[in-house]
Amino acid sequence: MIHSLARELRCIDCEAVHPLEYLLECRACGGLLEVRYDLAGLGRAERPRFTGHALWRYAPVLPIVDPAHRVTLGEGETPYLDCPRLARDLGVRGLAVKYDGANPTGSVKDRTSATAVSAARQFGFTAVSVVSTGNAGSSLASYAARAGLRAFIFAYARAAAPKLLHMAAAASDLILYTGVYDDLIGHWDRLVDDRLFFDAGASRNPYKHEGKKTLAYEIAEQSGWDVPDAVVAPLAVGETFIATTRGFREMREAGWLERVPLMVAAQATRANPVSHAHRTGAAIVPQTIGYTVAEGLGAGNPGRKGEWALRLLRESKGVAADAEDAEILDAQRRLARTEGIWAGPTGVAALAVLIKLLARKEIDPGLRFCVIVTETGLKTEAASPSRAARAFDYQSLKRLVEDRLAGL
Ligand SMILES: [Zn+2]
């Protein structure tokens, strides 16, 4: 089964329906659009049997019509890791990590780069673009290179060196900027509206973000369709959270899931407009933010996507919370030490938020959790921990190891 069941675009505000064109906003009201599918084509009575590999295993529920337009670097099918030691440590009934750092460029962005670049081909574009702190830029540049398209990557000049190195290698056009992201993004949106390149940003394009919906499909399949009780997903502009929520809902609508997991949105405290709004019952107030170690979560103004995420949280009685930088770095070490998973700060923020919710008794430890960890730690730029070095001989080494084993 490889053909797409995508049928139309629907406005999330006024529900106006539009054909599957390159359209970023509702023609009637300017609202955001989502792709709708004819899921009956996969059979209502029984669960679908997806075939093939990588992201395109889920081609029926993705909006790329012609298989010739699909691009892949082998993204998706990332590990769903049961974490019994960490679960015991935290006192929860169950804990799994969906480890998206195992994607080809080391982050969840590969799921959306695959659908963005494929959609760019579908609509006849020869260039794609994104404004990025690192992961999105290196991912999109790699997928554009793979498809033979130009990639205009606008990257913050102070992005981490490993990410800049990667972007410089893969992007046809890397443009570094200084100054404020919010000022640049206004100009960039106008370049998109002038159709100089395909919009591979996170704020509007209904085709691009669809790739992350496969997170939900993989979690469903990898858990044997016995989905976890709660899924913790990071939230900056809202792409991963919204796409995952929609994926689970889609499967329930199709009759493949009896229930959807409780969705938990995780932000960094230094950029927490959605979490703050949800917890206080107020509207989203854009923030002027400073630096957070979770660089990919540094969105002070999540725009209409943020409003959408908040609406989903409220409709589903979801949970939202945020973690301080020190809590994120602590969770990073804890995950590496207890389960051997080395994730970057952006990637591990969701775990930090879960730990905090449990400590505050704001979530039931009797649930089985899945935490979406979105990036590898291998691209993180930080000073190495200092270590006192020693001269050695066999006897001193033997004594050292024996002492440590004895717990001295
Ligand atoms: Zn509308």
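The coordinates are above.
Note that this is a predicted model, so its numbers are computed, not measured. Residue positions are counted from 1 within each chain, in the order its sequence is given. The predicted origin of the model limits local features to residues at a pLDDT of at least 70 and limits the giving and counting of side-chain atom pairs to 80 or more, whereas totals for whole chains, interfaces and linings rest on all residues. Hydrogens and water molecules were not included; the side-chain quantities draw on all heavy atoms of the structure.

**Q** Describe the overall build of the protein chain, and please don't skip the residues or the numbers.
**A** Strands here are runs of E lasting at least two residues and helices are runs of H or I lasting at least four, both read from the DSSP assignment and numbered beginning at the N terminus. Summing up its helical and strand segments, the protein chain has 12 helices and 13 strands in all. In terms of overall dimensions, the protein chain has C-alpha extents of about 75 × 50 × 45 Å along its principal axes. Burial status follows relative accessibility: with a 1.4 Å probe on protein chains alone, a residue under 20% of its type maximum counts as buried, one over 50% as exposed, and anything between as partly exposed. Buried positions account for 55% of the 408 residues belonging to the protein chain. Accessible surface computed for the protein chain: about 17600 Å², of which carbon and sulfur atoms make up 52%. Under the counting rule used here, the positive set is Lys and Arg, the negative set is Asp and Glu, and His together with the chain ends is not counted. Taken as the charge centre is NZ of Lys, CZ of Arg, CG of Asp or CD of Glu, depending on the residue. Of the charged side chains in the protein chain, 50 are positive and 47 negative, and the gap between their average positions amounts to 3 Å. Shrake-Rupley sampling with a 1.4 Å probe provides the accessible areas, and residues are treated as covered by the protein chains on show and by no other component.

**Q** I'd love a proper account of the coordination of the zinc ion, names of residues and values included.
**A** Each metal's donors comprise the N, O and S atoms found within 2.8 Å of it (within 3.2 Å for Na, K or Ca). Water is not part of the atom list, so some coordination spheres may appear incomplete. Looking at the zinc ion, one finds its protein donor set to be Cys11 (SG), Cys14 (SG), Cys26 (SG) and Cys29 (SG), positioned 2.3 Å from the metal centre. Every angle between 85 and 135 degrees makes a four-donor site tetrahedral, while opposite donors more than 155 degrees apart, with all other angles between 65 and 115, make a four-donor site square planar and a six-donor site octahedral; other sites are irregular. Around the zinc ion sit four donor atoms; with metal-centred angles ranging over 100 to 116 degrees, the donor geometry is tetrahedral. The motif formed by the donor residues of the zinc ion, counted along the single chain, is C-x2-C-x11-C-x2-C. Taken together, the residues Cys11 in strand S1 (residues 6–11) and Cys26 in the loop between strand S2 (17–18) and strand S3 (33–37) connect sequence positions 15 residues apart.

**Q** An account of the pairing of strand S5 (residues 94–99) is needed here, citing residue identities and associated values.
**A** Extensive coverage of S5 is indicated by the burial of six of its six residues. Residues Gly94, Ala96 and Lys98 line one face of S5 and the alternating positions Leu95, Val97 and Tyr99 line the opposite face, and both faces are buried. Here, any two strands with at least 2 DSSP bridges between them count as paired. Sheet topology note: the strand S4 (residues 80–82)/S5 ladder contains three bridges and is antiparallel. Paired with Asp82 across the strands is Ala96, a residue of S5.

**Q** If you had to explain the layout of surface pockets to someone new, which residues and values would you point to?
**A** As defined here, a cavity is a set of points on a 1 Å grid over the protein atoms alone where a 1.4 Å probe fits but cannot get out. A pocket is an open set with protein on both sides within 12 Å along at least five of seven lines, and residues line them when an atom is within 4 Å of a point. Grid points are joined across faces, edges and corners, and a volume is the space filled by probe spheres set on the points. Quantified by volume, the second largest pocket comes out at close to 440 Å³. At the level of secondary structure, the elements contributing two or more residues to the lining of the second largest pocket comprise S1, S3, helix H7 (239–253) and helix H9 (303–315). In terms of residue count, the dominant contributor to the lining of the second largest pocket is H7 (five residues). Think of it as three bins: nonpolar holds Ala, Val, Leu, Ile, Met, Phe, Trp, Tyr, Cys and Pro, charged holds Asp, Glu, Lys and Arg, and polar takes everything else, Gly as well. Residue composition of the lining of the second largest pocket, grouped by class: nine nonpolar, no polar and 13 charged.

**Q** Any chance you could break down the sheet that holds S3 for me, citing the residues and the numbers?
**A** Strand order across the open sheet formed by three strands is S2-S1-S3, with antiparallel pairing between neighbours. Each of the sheet's edge strands pairs with one partner strand only, and the pair in question is S2 and S3. Bridge count for S1 against S2 is two bridges, and the pairing is antiparallel. Paired with Leu9 across the strands is His18, a residue of S2.

**Q** Break down the sheet that holds strand S12 (residues 319–323) for me, with residues and values.
**A** As summarised here, the arrangement of the six strands in space is S4-S5-S13-S10-S11-S12, forming an open sheet in which the pairing is mixed. Edge positions in the open sheet fall to S4 and S12, since each of these has one partner strand only. Each adjacent strand pair in this sheet contributes to an overall mean axis angle of 25 degrees, direction not counted. Bridge analysis of strand S11 (residues 262–268) against S12 gives five bridges, and the strand direction is parallel. Following the sheet pairing, Val264 is matched in S12 by Val319. Angles shown run from 0 to 180 degrees and are taken between the N-to-C directions of axes, each axis being a line fitted to C-alpha atoms and, for helices, limited to the stretch in contact.

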